[in-house]
Amino acid sequence: MTIPAPQRPQPPAGWVSTGLSWHDGRALLGAVRGTRVHERAVAPGAEVGWLLGGPRRCVGAWLAGATERTPCPHHAVIEPDGGATQCPACQSVDRGLALARDMILDDGRTYLLYLAWFGEGLLKVGLTAEQRGDSRLLEQGALAYAFTARGGLPAVRRAELTVAASGMARERFKSRVKTDHWWAHGDAPHRRTVLTEARARAHRLLDGHAVELLADRPVVDHVDRFGLGAGAPESYREIAGLADGAVIAGRLRPPVGRHLFLDQPDGSGPLLLDTRRLTGWTLTPVVGRAAEGLTLQERVRPPEPDTQEALF
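Residues numbered from 1 in each chain as written. Predicted model: local features only at pLDDT ≥ 70, side-chain atom pairs only at ≥ 80, totals over all residues. Heavy atoms only, no water.

A short note on the overall build of the chain
Part 1: Assigned secondary structure in the chain consists of 7 helices and 15 strands.
Part 2: Its C-alpha atoms give the chain a radius of gyration of 22 Å, near enough to 20 Å, the size a compact globule of 312 residues would have.
Part 3: Counting only C-alpha atoms and orienting by the principal axes, one finds that the chain spans roughly 80 × 55 × 35 Å.
Part 4: Going through the 312 residues of the chain one by one, you find that 43% of them count as buried.
Part 5: A separation of at least 24 residues holds for 69% of the contacts in the chain among residues at least 6 apart in sequence. (Helix = DSSP H or I, 4+ residues; strand = E, 2+ residues; numbered from the N terminus. Rg over C-alpha atoms; globule rule 2.2 N^0.38 Å. Buried < 20%, exposed > 50% of the residue type's maximum accessible area, 1.4 Å probe, protein only. Contact = heavy atoms within 4.5 Å.)

Now the structure itself:
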């Protein structure tokens, strides 16, 4: 009897999306095909169209010391609408996830502690490698931020925990909470005042910590860069689900973090795509096709609160 050879998982036949990332102040859409990498700058006003092919695949991992993503050796299939973009095996060796889970105690790099503002009452504290500049803040969609302290990873992580434990800032916010604040975010002087005062409070908390306190770094504002000067569109449809054979198409607005607004040619209002949902799908460029096969959720600017005092 002949025993058949075990079946090796087959790699996808096209370019697999790796989502959107920021480098040197530019938003880039990435895709991989085996070990080949393709990146395209996000240009506001450009027309895009992608036909999605399944199944959705793991995009691999960033390994310690590597300068490029290592492809998933298993070509693993992942959930079409799941939040994870990696299989469990790649998650277990990914450098970024290990850092976020405090599995890396020190890597010899210099880190910056930041305070980021995502809307009224949404102040976040976090850290990023100094060599990345403000790329992490842009990827998170921070409407404004201020670098607050500098040092090695152990010291900056302790500083982050100290600020978070005080209750003045949180370590994370869900994406939906952030997008809800795109309609109303105050003005630039207000954002600058909030962050300047928060940094001063953080410095008092960090007195005696083994970090360099950064009092003179400017408050950086991203609202106009994200095209949100007048707020988010009055109404739009958020892409809540993708499927094999779906088409995403439209004219790009400026990217907001990892989100893309796509205006529709029929005037039906823009679509909002969280590019993390795009990650792992095989993309084929299409021209002249309308968006289809998408699960959409209506989003409408909430009414302004009634602040008029009672007449009687």
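Observations regarding the pattern of salt bridges
Once the charged atoms of two side chains with opposite charge are near each other, the side chains can pair.
Part 1: Scanning the entire structure with this criterion turns up 17 salt bridges.
Part 2: When the shortest N-O distance is used, the salt bridge between Glu47 and Arg251 registers 2.7 Å. One end of the pair, Glu47, is in strand β4 (residues 47-53); the other, Arg251, is in strand β11 (residues 247-252), with 204 residues separating them in the sequence.
Part 3: Of the residues examined, Glu47 reaches a relative accessible area of 48% and is grouped as partly exposed.
Part 4: Judged by its relative accessible area of 38%, Arg251 is partly exposed.
Part 5: Among the ionic pairs, Arg276 bridges to Asp274, the shortest N-O distance being 2.9 Å.
Part 6: Classification of Asp274 as buried rests on a relative accessible area of 12%.
Part 7: Salt bridges here are not isolated pairs; linked through shared partners, they connect Arg176, Asp180, Glu238 and Arg299. (Salt bridge = Lys/Arg side-chain N within 4 Å of Asp/Glu carboxyl O.)

Observations regarding helix α4 (residues 153-166)
Part 1: Taking 1.5 Å of rise per residue, the 14 residues of α4 would be expected to cover 20 Å, and the 20 Å separating its terminal C-alpha atoms lies within 8% of that figure.
Part 2: Of all the positions in α4, only Leu153, Ala155, Val156, Arg157, Ala159, Glu160 and Val163 are classed as buried.
Part 3: For α4, the elements touching its buried residues are α2 (95-100), β5 (110-117), β6 (123-129), β7 (144-152) and α6 (188-205).
Part 4: Of the residues trailing α4, Gly167 is marked for its positive phi of about 90°. (Expected span 1.5 Å × (residues − 1).)

Looking at the pairing of strand β14 (residues 282-285)
Part 1: Relative to β14, strand β1 (residues 15-23) runs antiparallel, the two being bridged by 2 bridges. Within β14, the residue paired with Val16 across the bridge is Thr282. (Pairing = 2+ DSSP bridges.)

Quick look at the environment of His190
Part 1: Tracing the chain through its elements places His190 in helix α6.
Part 2: Each C-alpha atom of the pair His190 and Thr35 lies 46 Å from the other, and the pair is 155 residues apart in sequence.
Part 3: Beyond its immediate stretch of four places on either side in the chain, His190 contacts Trp117 and Glu120.

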